[in-house]
Structures are given as structure tokens and as C-alpha cells.
Amino acid sequence: MSDFLPGLEGVPATKSAISFIDGEKGILSYRGYPLETLATNSTFEETTLLLLDGELPTKAALNRFSKQLRSSYRIKYHIREMMRHFPHTGHPMDMLQTAVCSLGMFYPGTECLTDAESCKDIDYVRNMTVNIIAQMAPLVAMWEHMRQGYDPINPRDDLSVAENLLYMFTGKEPDSLMARIMDVCLILHAEHTLNASTFAALVAGSTLAS
């Protein structure tokens, strides 16, 4: 008879080709690249594209991706208004759970998941992924202001993800050192293999949910 393991603790669910982690040895790698190497030499945008595509991008591909990210910083008006009605004591993770879940309603195209013939945007999954990546940091910064009763600061599409996050928190353009520190923090948190939330996302995705 099998042992009862609450929460599937210690039960392998799948094998990741995206990252590898060995907590006891202090090893974490993205697509075969040691995290230390990426934190020293890469940017969040480049690391993100590495995770998405499986290889380091060319300069041209990185420029296109960065431009797409920056053009997606802005949060739709209805999502912002919805956030204003959240309880100010709400945890940022609960806010993100609700706000990100609502994105599918404001960015139509879920028919791409089930019917390619009726799909108007064959890159729906990729574009939606970029939207989520681009809007996570602005949502967090907006919530910090809104839960204290202030209007959020609008994003700037001339700044990197890290620079824009700091700018939206403070209203001031960050200096290069602070921006680099935030950039490295984002790289360090970009991927950590199959934790509970990733497993949950895989299960939901397998049902073709938006």
C-alpha cells in the first residue's frame, strides 16, 4: 500500500527541460546555464527569452522581444478600476491571482486553444505569455499605491522591466545601480522548476483553460 503524501510532497510529476534545481547542493540552472552566469552577464529580458525559447537570443531577437514587452506595460482601464475595489488589506499575491485571471476576459482569443480555423491570432499563447510577463511588475507597483489610497504611476515604455518597476514605485527614474540590482533579483526569481504553483498551472493548462 502506498504511503499517504499530503500535497504530493516528494512525488515527481514531470521532468523539466527548462530548469534544474538541487537545493542541497545549491544548484539552479536555466536551460543549462548556471544561474550565477546569467545573473552576472544577462538581463531579465534576455533570461526570459532564454526560458521561453530554449536558447540565448540574437541581438535582433532580443530587441524585438524587449520592444514587445515595453509596449505591453500598460494595464487596461477596467482591470485598474477593478483593483480599486479590492480591500486595501489584501495580500499582493491575492491581488495578482485575481488580476491575472481576469486578463483572459480583456484579451480575447481563447478560441486559438481549441479551434485553429477560427483563430484570428495564431500567436495567441505566445502573445498572452508576453502580456502576463510585461504586466506583472506594473500590477505590483500599482497595487502598492492603490492600497494606500493613491493613484498609480503610469508605466514608461522607454524603460526596461526592472527600471520601470522601480520608477512606478517611486515616481523617479532609478539610478543604474538600483536598476541592476532589481534586474538581478528578477533573474533570480524567474524560474525555479516544478513547485506547487507551476504544477497547478500545468494541470489548468492541460484542460485548455485560458
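Going by the structure above, here's the rest.
Residues numbered from 1 in each chain as written. Predicted model: local features only at pLDDT ≥ 70, side-chain atom pairs only at ≥ 80, totals over all residues. Heavy atoms only, no water.

**Some points on the pairing of strand S1 (residues 19–22)**
Part 1 of the reasoning: Relative to strand S2 (residues 27–30), S1 runs antiparallel, the two being bridged by four bridges. Across the sheet, Ser19 pairs through a bridge with Tyr30, a residue of S2.
Part 2 of the reasoning: Where S1 folds back on S2, the antiparallel hairpin that results is connected by four residues, among which Gly26 adopts a positive phi of roughly 70°. (Pairing = 2+ DSSP bridges. Helix = DSSP H or I, 4+ residues; strand = E, 2+ residues; numbered from the N terminus.)

**Structural notes on the packing of helix H5 (residues 92–106) against helix H6 (residues 124–146)**
The geometry of a pair of packed helices is captured by two quantities: the angle between their axes and the separation between those axes.
Part 1 of the reasoning: As a packed pair, H5 and H6 sit with axes 10 Å apart at the nearest point and diverge in direction by 140°. In terms of their interaxial angle, H5 and H6 are classed as oblique. As H5 runs across H6, the sense of the crossing is right-handed. On the side of H5, the interface is formed by Pro92, Met95, Leu96, Ala99, Val100, Leu103 and Gly104, while H6 contributes Met128, Ile132, Gln135, Met136, Leu139, Val140 and Trp143. (Axes fitted to C-alpha atoms, helices over the stretch in contact; angles between N-to-C directions. Parallel < 35°, antiparallel > 145°, perpendicular 65-115°, else oblique. Left-handed = near helix turned anticlockwise from the far one by under 90°. Contact = heavy atoms within 4.5 Å.)

**Description of the nonpolar core**
Part 1 of the reasoning: Counting residues in each nonpolar core, the largest one holds 40 residues, and the members touching the most others are Tyr30, Leu69, Ile79, Met83, Met95, Leu139 and Val161.
Part 2 of the reasoning: Tallying contributions element by element places H6 first for this core, with eleven residues. (Core = buried A, V, L, I, M, F, W, Y, C linked by side-chain atoms within 4.5 Å. Buried < 20%, exposed > 50% of the residue type's maximum accessible area, 1.4 Å probe, protein only.)

**Some words on the pattern of salt bridges**
Pairing of side chains with opposite charge becomes possible as their charged atoms draw close.
Part 1 of the reasoning: Under the definition given, this model contains seven salt bridges.
Part 2 of the reasoning: Close ionic contact of Arg126 with Asp53 constitutes a salt bridge, the shortest N to O distance being 2.8 Å. Within this pair, whereas Arg126 is found in helix H6, its partner Asp53 is found in helix H2 (residues 44–53), the two being separated by 73 residues in sequence.
Part 3 of the reasoning: Arg126 gets classed as partly exposed once you look at its relative accessible area, which sits at 32%.
Part 4 of the reasoning: A relative accessible area of 41% places Asp53 in the partly exposed class.
Part 5 of the reasoning: One salt-bridge network, in which partners are shared between bridges, spans Glu81, Arg84 and Asp151. (Salt bridge = Lys/Arg side-chain N within 4 Å of Asp/Glu carboxyl O.)

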